[in-house]
Amino acid sequence: MKLQLHWQILLALVLGAVAGIFFPGGTPYVSWMGDLFMNALSMLIVPILFFSIVNSITGIQETGSGLRKLGLKTMGLYVLTMVIAIFTGLALVNFIQPGSNVQVGNLSVVPETVGQTTIRDIVVGFVPKNIVYAFTQNYTLPIILLAFLVALNIPKISPEGKNSLLGFFKGALELTLQITKIVIRFSPLGIFAIVMKQFGTTTDSLALIQTMLLYVLTVIAGLLIHTFVWLPLLMRFYHVHPWRHFKNMSTPLLTAFSTASSGATLPLTLHAVEHKDGVSSKITNFTIPLGAAVNMDGAALLECVAVIFIAQAYGIDLTVVQQILVVFTSLLCAIGAAGVPMAALVMMALILNVIGLPLEGIGLVIGVDRILDMMRTAVNVYGDTCVAVMVAKSEREKLNIDR
């Protein structure tokens with residue numbers, strides 16, 4: 001019987017930790033697998049980032065003129081909830097500092113991009129002298145700008161050119177995701193090598209395990225605060241009962257938690273929002289599928305916590321400006337993460353690349369990702385339903401959960 005991928009990764013984590021603790025001398029013989037896996041992920045960063053942003057923005061622009069106002073309102077609320085989630089994670093990871101109790105890796109020299117970033121560097125970095133050089137060197141900020149420029153201007157060209165480019169970018173994204181699936185198949189081998197190296201080069205393995213558990217608790221605390229504090233407060237501004245809404249969403253939330261798939265939960269979510277909360281089909285059928293594609297409250301929070309946790313574990317202090325850059329990149333990654341296989345792994349590699357942190361730090365968090373994946377998926381789905389209700393109230397609809 002073939003194990004599912006998440007069980008293979010969990011097994012690789014356990015075996016890598018055991019091998020690193022008891023056979024640290026064998027690390028040089030397997031580390032090449034981790035390097036190869038990280039190189040493959042790094043190779044995919046630029047095409048995934050560029051094509052996913054272009055497709056996301058052009059897809060939103062393709063909505064009819066009658067839905068444009070509704071779409072802008074919905075996207076504004078989705079961005080707001082994701083920003084709140086990210087700053088919640090940012091506050092918790094800086095307060096708890098789960099990665100400060102252990103030193104992993106062997107960074108005798110801090111990467112050049114860490115510790116030197118200023119606001120001026122970020123602003124100037126958006127416009128490169130040579131766009132080809134930016135693509136080849138994985139300079140993420142100018143690629144983000146170019147993706148926005150391309151996506152916003154495609155609708156303004158001739159219909160023939162527009163259709164050709166839309167087809168090209170859609171096909172390019174599908175091809176990139178197909179290649180990503182191939183790379184992900186080999187992730188257990190890469191994770192095994194990375195975790196073995198980390199445990200093999202760490203003097204206190206017990207402290208490393210405790211640190212990983214503290215990271216999990218930090219993420220869970222952030223998800224709970226976002227779900228039971230911030231989202232209910234937002235809904236109260238729209239004069240609805242948050243608790244009644246939460247009870248109405250129990251079926252899709254339990255399904256999202258058990259399957260770790262917002263897509264599989266979509267029919268249940270649509271039914272619950274429309275028939276239990278009383279949101280009109282027009283708003284439900286627009287906001288919920290859009291949210292499944294672009295709204296990732298839980299994922300955005302996790303990415304932010306994970307990246308700063310990795311920096312702490314490597315003994316790297318990120319400046320305020322760099323942490324703001326983490327927030328900005330986490331937001332963009334969350335919007336563009338839909339449909340990406342093992343999105344947390346790929347998007348985390350992208351954010352680490354932006355900040356200049358070692359990609360092998362992913363091994364610290366990916367082994368426990370399955371547990372967190374179930375929770376963040378439920379939070380993602382709940383965020384979608386909350387926004388659907390808020391949009392409905394902004395359109396002056398009468399709901400079953402009105403106060």
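In this text, all values refer to a predicted model and were calculated from it rather than measured experimentally. (Residues numbered from 1 in each chain as written. Predicted model: local features only at pLDDT ≥ 70, side-chain atom pairs only at ≥ 80, totals over all residues. Heavy atoms only, no water.)

Peer 1: Teacher, can you tell me more about the environment of threonine 385 here?
Peer 2: Take threonine 385: it is sitting in helix α17 (residues 369–394). Sequence spacing of threonine 385 and threonine 269 is 116 residues, and the spatial spacing of their C-alpha atoms is 7.4 Å. For threonine 385, the residues in contact, after removing those within four places along its chain, are His245, Met249, Thr269, Val273 and Ile288. (Helix = DSSP H or I, 4+ residues; strand = E, 2+ residues; numbered from the N terminus. Contact = heavy atoms within 4.5 Å.)

Peer 1: Could you clarify how one ought to interpret the nonpolar core in this entry?
Peer 2: General note: in soluble globular proteins, nonpolar side chains tend to be found buried as a group. In this structure, Phe37, Leu41, Tyr215, Val219, Met348, Ile362 and Leu364 are the most contacted members of the largest nonpolar core, which totals 123 residues. Looking at this core, the element that brings in the most residues is helix α2 (residues 27–61), giving 14 residues. Once residues within four sequence positions are removed from consideration, phenylalanine 37 is found in contact with Val183, Phe186, Ser187, Gly190, Ile191, Ile194 and Leu345. Counting five residues, the second largest nonpolar core, distinct from the first, contains Ala19, Val30, Ala193 and Met196. (Core = buried A, V, L, I, M, F, W, Y, C linked by side-chain atoms within 4.5 Å. Buried < 20%, exposed > 50% of the residue type's maximum accessible area, 1.4 Å probe, protein only.)

Peer 1: For this particular structure, what's the right way to read the pattern of salt bridges?
Peer 2: Think of it this way: side chains of opposite charge can pair up when their charged atoms draw near. With the rule as written, the count across this model stands at three salt bridges. Lysine 73 is paired through a salt bridge with glutamate 395; the nearest N and O atoms lie 2.5 Å apart. On the criterion of sequence distance, the pair formed by lysine 73 in helix α3 (residues 65–96) and glutamate 395 in the segment after α17 is long-range, its members being 322 residues apart. The partner of aspartate 402 in a salt bridge is lysine 393, with the nearest N and O atoms 3.0 Å apart. The class for aspartate 402 is partly exposed, based on a relative accessible area of 21%. (Salt bridge = Lys/Arg side-chain N within 4 Å of Asp/Glu carboxyl O.)

Peer 1: How do you make sense of helix α8 (residues 187–200) when you look at a structure like this?
Peer 2: Along its 14 residues, α8 runs 19 Å from first to last C-alpha, staying within 8% of the 20 Å computed at 1.5 Å per residue. Within α8, ten of the 14 residues are buried, which leaves it mostly tucked inside the rest of the structure. Considered for burial, the residues of α8 that qualify are Ser187, Pro188, Gly190, Ile191, Ala193, Ile194, Val195, Met196, Gln198 and Phe199. (Expected span 1.5 Å × (residues − 1).)

Peer 1: Looking at this structure, I do not really get the packing of helix α9 (residues 205–236) against α17. What am I missing?
Peer 2: Helix packing geometry: the angle between the two helix axes and the distance between the axes. Interhelical geometry of α9 versus α17 gives an angle of 10° and a closest axis separation of 11 Å. Relative to α17, the element α9 lies roughly parallel. Every residue of α17 that contacts α9 at Tyr215, Val216, Val219, Ile220, Leu223, His226, Thr227, Leu231, Leu234 and Met235 is listed here: Leu372, Met375, Arg376, Val379, Tyr382, Gly383, Cys386, Val389 and Met390. Its residues assigned to classes, the contact of α9 with α17 comprises 15 nonpolar, three polar and one charged. (Axes fitted to C-alpha atoms, helices over the stretch in contact; angles between N-to-C directions. Parallel < 35°, antiparallel > 145°, perpendicular 65-115°, else oblique. Nonpolar A, V, L, I, M, F, W, Y, C, P; charged D, E, K, R; others polar.)

Peer 1: In this structure, what is going on with unusual backbone geometry? I would like to understand it.
Peer 2: Residues other than glycine predominantly adopt negative phi, and peptide bonds predominantly adopt the trans conformation. In this structure, glutamine 97 takes a positive phi of about 50° despite not being glycine. The residue glutamine 97 is located in the loop between α3 and α4 (119–125) in this model. Using a relative accessible area of 36% as the deciding quantity, one classes glutamine 97 as partly exposed. Residue histidine 239 is not a glycine yet carries a positive backbone phi of 60°. Mapped onto the elements, histidine 239 comes out in the loop between α9 and α10 (242–248).

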